[in-house]
Amino acid sequence: MRSHKITMYAEKIYELEEIERALKDGLNEKQILNTELKGEVIREIGEARTMMLVFDRYLVMHKESVSLSILLTEYRGYQGADIILAGHRGIVTDDSFSDSAAKTLLQLGFQS
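Predicted model, so just to flag it, every value in this text is computed and none were measured.

Caption draft 1: Quick peek at the overall build of the chain. In terms of regular secondary structure, the chain is built from 2 helices and 5 strands. Written out in order from the N terminus, the α and β elements of the chain read β-α-β-β-β-β-α. Counting across all 112 residues of the chain, residues that qualify as buried make up 37%. Long-range pairs, those at least 24 residues apart, make up 59% of the contacts in the chain between residues at least 6 apart in sequence.

Caption draft 2: Representation of the pattern of salt bridges in the model. Overall, the coordinates contain 9 salt bridges when judged by the stated rule. Salt-bridge contacts for E36 lead to K38; the nearest nitrogen and oxygen are separated by 3.6 Å. A relative accessible area of 45% means that E36 is categorised as partly exposed. The salt bridge partner of R76 is E47, with a shortest N-O separation of 3.3 Å.

Caption draft 3: Layout of the pairing of strand β5 (residues 78-87). Counting buried positions over the 10 residues of β5 gives 7, a clear majority of the element. As defined by bridge partners, strand β4 (residues 64-75) adjoins β5 across 9 bridges and the pair is classed as antiparallel. Bridged to S69 within β5 is I84. A loop of 2 residues connects β4 with β5, the two strands running antiparallel in sequence, and R76 in this loop sits at a positive phi of about 50°.

Cut-off values and rules
- Residues numbered from 1 in each chain as written.
- Predicted model: local features only at pLDDT ≥ 70, side-chain atom pairs only at ≥ 80, totals over all residues.
- Heavy atoms only, no water.
- Helix = DSSP H or I, 4+ residues; strand = E, 2+ residues; numbered from the N terminus.
- Buried < 20%, exposed > 50% of the residue type's maximum accessible area, 1.4 Å probe, protein only.
- Contact = heavy atoms within 4.5 Å.
- Salt bridge = Lys/Arg side-chain N within 4 Å of Asp/Glu carboxyl O.
- Pairing = 2+ DSSP bridges.

In C-alpha cells, the structure reads:
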C-alpha cells in the first residue's frame, strides 16, 4: 500500500459544512470519475469541531480503488485540513484525486 499526504491550514472563513460542499462540488467539477463519498463523521468536543470525509475512486484500468480521506478540524478561529490518498501498488503516483481537493481548499483560503 502506498500513500500521499497534504496538510493545509487557514484562519476560519467558512463553516466546515461549506468546505465539505465545496470539496464535493470540486471533485465533481474536475470530473474525477467514479468517485463516491463513502463516509462522513462530524464531532464536536468543547470548542473543537472535526469532520472526516472518505471518498473512494474506482480505477477501471487498474481494477483497483484508491481512498481519499480528508480530516477537517476547527479550533478557536483556525482550521486545518489533512488530505490522505491511499491505494495499492503504484496507483498513488496519480495524485490528481488529492490535488483536486487541495486546489479547492486553496480557493477557500487554505495554505500548505
